[in-house]
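Listed below, chain by chain, are the residues.
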Amino acid sequence: MTDKKVVGIIPARYASSRFPGKPLAKLGGKMVIEHVVGQASIILDDVYVATDDERIFDAVVSFGGKAVMTSTRHKSGTDRIREALERINAPFDIVVNIQGDEPFIQPEQIKTVIGCFDDSQTQIATLGKRFGSMEEVENPNSPKIVLDNNNYALYFSRSVIPFVRGAEREGWAAHFPYLKHIGLYAYRADVLREITELPLSSLEQAESLEQLRWLQNGYKIKVGLTDVETVGIDTPADLAKAESLLSSR
């Protein structure tokens, strides 16, 4: 991996319009947040949950995890992670932002995103995965990434980009390797502090994609490639699917 000091921080809110209390929901007899901490801890020595709710804080401490209380005013997980980093107050070089609703996050995915920092030009890193079908590409809830020749992100979009000229739209995926954005991020610690000071950008507001703020301000985002699909839990129905997946494993 890297010789740099790495910390994993998992932002976790109790309030969720589609699934209140999601981090504390039970999956296979353990809380969702406990699964996430467990998966991240396989590869990272330092893993913290950053929360604005005492119920989540107490739950994490109860299963032996580390938690940090943060403000209720944060508009994004990135802002919450920055505050948590300041509160932890330790000399970490790289901060990994791990989604608190992905109990099946794979250690190999975290390793891949950290490996992006072997390139000294990398300021921020994330993951991409090849789409399996044109139907998936068309889904605006699955952002697409366009890369340069060194695997740096040129752009992220909810639209289908690029446009494949001279081919029928349903067959575009056979002509171009469309890449799905997987929302695992890592940042150099000093860059994390910088990007949380940036104002909203016009591209971010248009697409509702926070990473466009960073690109629009000139930051370089390296994209590691994975072939592992993530399983996020946004609703109680997703939890039921995750339960079935866990049973099948």
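Structure's up top.
None of the values given here were measured: they were computed from a predicted structure.

Cut-off values and rules
- Residues numbered from 1 in each chain as written.
- Predicted model: local features only at pLDDT ≥ 70, side-chain atom pairs only at ≥ 80, totals over all residues.
- Heavy atoms only, no water.
- Helix = DSSP H or I, 4+ residues; strand = E, 2+ residues; numbered from the N terminus.
- Contact = heavy atoms within 4.5 Å.
- Areas by Shrake-Rupley, 256 points an atom, 1.4 Å probe, with all protein chains shown as cover.
- Buried < 20%, exposed > 50% of the residue type's maximum accessible area, 1.4 Å probe, protein only.
- Core = buried A, V, L, I, M, F, W, Y, C linked by side-chain atoms within 4.5 Å.
- Polar contact = N/O pair within 3.5 Å; in protein donor to acceptor, adjacent residues only side chain to side chain.
- Pairing = 2+ DSSP bridges.
- Phe/Tyr/Trp six-rings, centres within 6.5 Å; stacked < 30°, edge-to-face > 60°.
- Lys NZ or Arg CZ within 6 Å of the ring centre and 35° of its normal.

### Observations concerning the overall build of the protein chain
At step 1: When its secondary structure is counted, the protein chain shows nine helices and eleven strands.
At step 2: With respect to the principal axes defined by its C-alpha atoms, the protein chain has extents near 60 × 40 × 35 Å.
At step 3: Within the protein chain, contacts between residues at least 6 apart in sequence are counted, and of these 68% link residues at least 24 apart.
At step 4: With the model as given, the accessible surface of the protein chain reaches about 12000 Å², and the carbon-plus-sulfur share is 47%.

### Regarding unusual backbone geometry
At step 1: Here the amide bond leading from Ile 161 into Pro 162 is cis, since omega sits at 0°, within 30 degrees of zero.
At step 2: In this model, Asn 151 sits at a positive phi of 65°, which is unusual for a non-glycine residue.
At step 3: Here Asn 151 lies in the loop between β8 (144–147) and β9 (153–157).
At step 4: When its relative accessible area of 25% is taken as the criterion, Asn 151 is described as partly exposed.
At step 5: Within the chain, Ser 208 stands out as a residue other than glycine whose phi angle is a positive 55°.
At step 6: On the secondary structure map, Ser 208 appears in the loop between α7 (202–207) and α8 (211–216).
At step 7: The exposure class of Ser 208 is exposed, given its relative accessible area of 55%.

### So, the nonpolar core
At step 1: Counting residues in hydrophobic clusters, the biggest one holds 30 residues, and the most contacted among them are Ile 9, Val 95, Ile 124 and Trp 214.
At step 2: Contributions of two or more residues to this core are made by β1 (6–12), β4 (47–51), α3 (77–88), β9, β10 (179–188), α6 (189–195), α8 and β11 (221–225).
At step 3: In this structure Val 95 touches Val 7, Ile 9, Ile 81, Leu 85, Tyr 185, Ala 186, Tyr 187, Ala 189 and Leu 192, once residues within four positions along its chain are discounted.
At step 4: Within the second largest apolar cluster, 29 residues are counted, among which are Ile 105, Ile 110, Val 113 and Leu 184.

### Topic: the side chain of His 35
At step 1: Topologically, His 35 is positioned in helix α1 (residues 32–41).
At step 2: Polar contacts involving the side chain of His 35 include one to the main-chain carbonyl oxygen of Leu 27, which spans 2.6 Å.
At step 3: In this structure His 35 touches Leu 27, Lys 30, Pro 103 and Leu 246, once residues within four positions along its chain are discounted.

### Side note on α1
Count 3.6 residues to each turn of an α-helix, and residues three or four apart come out pointing the same way.
At step 1: Across the ten residues of α1, seven count as buried, placing the element largely inside the fold.
At step 2: Buried residues of α1: Val 32, Ile 33, His 35, Val 36, Val 37, Gln 39 and Ala 40, and no others.

### Overview of the pairing of β9
At step 1: Sheet analysis places β8 next to β9, joined by four bridges and oriented antiparallel. Looking at the pairing, Val 146 lines up with Tyr 155 of β9.
At step 2: Between β8 and β9, which pair antiparallel one after the other, the connecting turn spans five residues, and Asn 151 there sits at a positive phi close to 65°.

### Re the pairing of strand β7 (residues 124–130)
At step 1: Extensive coverage of β7 is indicated by the burial of six of its seven residues.
At step 2: Pairing between β7 and β10: six bridges, direction antiparallel. Each residue of the ladder has a partner; that of Arg 130, found in β10, is Leu 179.
At step 3: Here five bridges tie β7 to β11, and the two strands are oriented parallel to one another. Bridge pairing in β11 places Ala 125 opposite Lys 222.

### Some words on the packing of aromatic side chains
At step 1: Taken as a whole and assessed by the stated rule, the structure comprises five aromatic pairs.
At step 2: Put simply, the rings of Tyr 185, Tyr 187 and Trp 214 pair up and form one aromatic cluster.
At step 3: In this structure, Arg 55 is placed above the aromatic ring of Tyr 14, and the distance from its NZ or CZ to the ring centre is 3.6 Å.
At step 4: Sitting over the face of the ring of Tyr 152, Lys 220 holds its NZ or CZ atom 4.2 Å from the ring centroid.

Functional significance is not addressed by these values, which are geometric in nature.
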